[in-house]
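Structural overview for review
Here is how the chains run, residue by residue.
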Amino acid sequence: MKLVHVFLLLLCFYLSFCKATLTSGTSREDLVEKKCLEKKYTHLSCNKVFCQPWQKCIEGTCRCKLPYQCPKNSTVMCATNGKSYPTYCHLKSLECLHPATKFLNNGTCKAEGKFSVSLYGTADSEGIVEVQLVDQEKKMFICGSSWTIAEANVACFDLGFQQGALGIRRRFNFPEETYLNSTECLHVLCRGFETSLAECTFTKRRAKGYQGLAGVVCYAQNTEVPTDESFQCVNGKYISRTKACDGVNDCGDQSDELCCKGCQGDSFLCKSGVCIPSQQKCNGEVDCITGDDEVDCEGARRPAIQGLAPVAQEETETLTADMNAERKRIKSLLPKLSCGVRNSNHVRRKRVVGGSLAQDVADFPWQVGIKEADGISCGGIYIGGCWVLTAAHCVRVSKTHRYQIWTSLLDWVKYNREIKVELVNRIIIHEKYNASTYQNDIALIELKGYPNPKICELPQSVPACVPWSPYLFQPNDRCIISGWGRGKDKQRVFSLKWGAVNLIGNCSKFYPNRFYEKEMECAGTVDGSIDACKGDSGGPLVCMDANNVTYVWGVVSWGESCGKPEFPGVYTKVANYYDWISYQVGRSLISQYNI
Ligand code: ARG
């Protein structure tokens, strides 16, 4: 032990509280993943969270949809510009494009209808919150008991403070007559991403005695001086480090909840490293992009957060529309992509290690074989429409007319009934494919199908979903590889084989200077007994999410010989090419959400 340490330790004993702060400080720091913070994720980062239904995910960021991309028919909404819009989505997409326009109320606009928020206090940025609801003639206060940082942030956004609230202060000084005259206060519930308090749900309750009124301190630029104990939000606001990874969106832009290794307090850790409030687990709406908040919910189903938790038995009266319900309804009306779910729900007959023979084509409905002159030379993955994904090293543009794409194939010596053979219309090789390093080893094959209008009929095939985020799966997740490649001791294989492998992190330690983290993925088993091999290239490494939806996570690319421990198989990391693929095949074909 160094002398300084001894000194610190003694000092800590002397100041007994010091020990507690030190230890809790480090454990909290452990919850946050430093490298991830550098990416500056916010509620608009679709690698981490779902976009709002009036947004779509483009290059990792939620962007505004154009109003016409919203589902039609719903309740008419009124905006602050005095105009009515056909749906909440139309209004929000417009607001997203022109932030000055905000939601006012549901229904058509009336000249007198006005919603306003103001602060009752001495400073511009702090005070007791006063609101005037549309259709209510007097301003009212908000009850302190219903007031959290989520509502406080929204109140501050509404007042023009883009970083939201510094905090909620429940005791402000106010002239006593004011309070004494008002026997009622409003309860409010927000999700935290609204841009105006008008979008939150207000209820009126007869107050039982004094419960305090809601106050807020909005975060004005440079008000807070950072200390060792602060966490800097992406929007620039400093919050206490103790508030990161607790499921509560203190930052206002969610940046304190998106890079977590663990969660504290009453919150749930999504596999994607995001902390969400426990109330959102099993509430019937998927919040984790990995889907894990809505599984194993039997007996745990929670009602959707609706109104407020019943506080004693009081008279309550809902004063405003439920815009959260409206948001959910819009979401349910958006077009859905069908991918990654097998037609029949039969169970795969599993076999043990070494790779097993596929028994039924319906188990691998996205698997295709690329046939050249004398046999299946490579695999491929059907991703929908007329498109097949494969490895760049498998195909040459000059040979386009020589390839045959075999779908629903099990054994290419003993043919099964379901087989369908397609010719190739076009081959697109990634423009940055490097044949010597295997970087960007990815290509698309467009099938001939019927030319006009262009359609492909593959009745037995099901597209695998294309992953849009690198956080959908993690090291140690179990995934499946399949192909007609060489088996043990380089034996030729005629029948489709498959095996389960685990995703492997830190693969550079196996392949120093050859493994590119962002573009490649490693997978294998500890003993190397299951691996892809020569001939499997271009074929799928598929993983299933919490809801059993199958994604093509990797394309078989390379590896140091086959099935050797310490030399796992290397795959092209498909999530890294989501934008490239959607650019080539058209966004709507593979956009599962956010079309
Ligand atoms: N490049 C090989 C092929 O053309 C695939 C190699 C995969 N190797 C491995 N050990 N996983 O088929």
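Residues numbered from 1 in each chain as written. Predicted model: local features only at pLDDT ≥ 70, side-chain atom pairs only at ≥ 80, totals over all residues. Heavy atoms only, no water.

Before going further, it helps to spend a moment on the sheet that holds strand 3 (residues 77-79). Strand pairing in a sheet relies on backbone hydrogen bonds. The paired strands run either parallel or antiparallel. Read from one edge to the other, the open sheet built from 3 strands follows the order 4-3-5, with strand pairing classed as antiparallel. Single-partner strands in this sheet number two, and they are strand 4 (84-85) and strand 5 (103-106). As paired strands, strand 3 and strand 4 are joined by 2 bridges and run antiparallel to one another. Along strand 4, the bridge assignment pairs Met77 with Tyr85. Packing against the sheet, helix 4 (residues 88-97) makes contact with strand 3, strand 4 and strand 5, and its axis sits at approximately 25 degrees to strand 3. (Pairing = 2+ DSSP bridges. Helix = DSSP H or I, 4+ residues; strand = E, 2+ residues; numbered from the N terminus. Contact = heavy atoms within 4.5 Å. Axes fitted to C-alpha atoms, helices over the stretch in contact; angles between N-to-C directions.)

Looking now at the sheet that holds strand 22 (residues 404-407). With antiparallel pairing, the 6 strands of this closed barrel are ordered in space as 19-20-21-24-23-22. Strand-to-strand twist in this sheet, taken as the mean axis angle between neighbours without regard to direction, amounts to 45 degrees. With 6 bridges connecting them, strand 19 (residues 367-372) and strand 20 (residues 375-384) associate as antiparallel partners. Looking at strand 20, one finds that Lys371 is bridged to Ile376. Its contacts with the sheet place helix 8 (residues 578-585) against strand 20, strand 21 (387-390), strand 23 (420-429) and strand 24 (443-447), and it is angled at close to 25 degrees to strand 24.

Bringing the pairing of strand 26 (residues 497-504) into the picture now. The sheet contact formed by strand 18 (residues 356-357) and strand 26 spans 2 bridges and is antiparallel. Paired with Leu357 across the strands is Lys497, a residue of strand 26. Bridge count for strand 25 (residues 478-483) against strand 26 is 6 bridges, and the pairing is antiparallel. Note on strand 26: the bridge partner recorded for Gly483 is Lys497.

This structure, assessed with the given rule, holds 14 aromatic pairs. When the ring of Phe364 is compared with that of Trp498, the centres are 6.4 Å apart and the planes differ by 45 degrees; the resulting orientation is tilted. One end of the pair, Phe364, is in the loop between strand 18 and strand 19; the other, Trp498, is in strand 26, with 134 residues separating them in the sequence. For the residue pair Phe364 and Trp498, the accessibility class agrees, reading buried in each case. A connected cluster of aromatic rings, assembled from ring pairs, spans Phe50, Trp468, Phe473, Tyr551 and Trp553. A cation over an aromatic ring shows up here: Lys48 above the ring of Tyr471, its NZ or CZ 3.9 Å from the ring centre. (Phe/Tyr/Trp six-rings, centres within 6.5 Å; stacked < 30°, edge-to-face > 60°. Buried < 20%, exposed > 50% of the residue type's maximum accessible area, 1.4 Å probe, protein only. Lys NZ or Arg CZ within 6 Å of the ring centre and 35° of its normal.)

Next up on the list: the nonpolar core. As a rule of thumb, soluble globular proteins bury nonpolar side chains together. Core analysis: the largest hydrophobic core is formed by 90 residues, its most contacted members being Ile383, Leu389, Leu444, Ile445, Leu541 and Ile581. With residues near it in sequence (within four places) discarded, Ile445 still touches Ile370, Cys386, Trp387, Val388, Thr390, Val395, Ile405, Val424, Arg426 and Ile427. Tyr88, Ala165, Ala214 and Cys218 belong to the second largest nonpolar core, which has 41 residues in total. (Core = buried A, V, L, I, M, F, W, Y, C linked by side-chain atoms within 4.5 Å.)

Let's shift gears to the state of the cysteines. A covalent bond between the sulfur atoms of two cysteines is what we call a disulfide. Within the structure shown, the criterion is met by 20 disulfides. The disulfide that involves Cys70 links it to Cys89, with 2.0 Å between the sulfurs. Note on the Cys70 and Cys89 pair: the S-S dihedral is about -75 degrees, so by sign convention the disulfide is left-handed. Of this pair, Cys70 sits in the loop between strand 2 (61-64) and strand 3 while Cys89 sits in helix 4, placing them 19 residues apart in sequence. With relative accessibility at 0%, the residue Cys89 sits in the buried group. Cys479 shares a disulfide with Cys543; S-S distance 2.1 Å. (Disulfide = S-S within 2.5 Å.)

Residues in contact with the ligand amount to 15 residues; listed here are only the nearest, Asp531, Gly535, Ser537, Ser557 and Ser561. Between the ligand and the protein, one listed contact pairs an oxygen atom with a side-chain N or O atom of Ser537 at 2.6 Å. Ser557 is positioned with one of its backbone polar atoms (N or O) 3.1 Å from a nitrogen atom of the ligand. Expressed as a share of its isolated accessible area of 350 Å², the protein-covered part of the ligand is 88%. If one sorts the elements of the shell around the ligand by residue count, strand 29 (residues 550-558) sits on top with 3 residues. Tallied by class, residues from the shell around the ligand come to 5 nonpolar, 7 polar and 3 charged. (Near = heavy atom within 4 Å. Polar contact = N/O pair within 3.5 Å; in protein donor to acceptor, adjacent residues only side chain to side chain. Areas by Shrake-Rupley, 256 points an atom, 1.4 Å probe, with all protein chains shown as cover. Nonpolar A, V, L, I, M, F, W, Y, C, P; charged D, E, K, R; others polar.)

With that settled, consider helix 7 (residues 323-333). Where helix 7 is concerned, the buried positions are Met323, Asn324, Glu326, Arg327 and Ile330. Each buried residue of helix 7 sits inside an arc of 160 degrees when the element is viewed along its axis, so together they form one side. You can read the cap of helix 7 off the contacts: a side-chain oxygen lies 3.1 Å from the backbone nitrogen of Asn324, and it is on Asp322. (Arc of directions from axis to C-beta.)

As a further point, take unusual backbone geometry. Although it is not a glycine, Asp296 sits at a positive phi angle of roughly 50 degrees. Topologically, Asp296 is positioned in the loop between strand 16 (275-277) and strand 17 (316-318). Given the relative accessible area of 68%, Asp296 is considered exposed. Located in the positive-phi region is Asn440, a residue other than glycine, with phi close to 55 degrees. Tracing the backbone shows Asn440 in the loop between strand 23 and strand 24.

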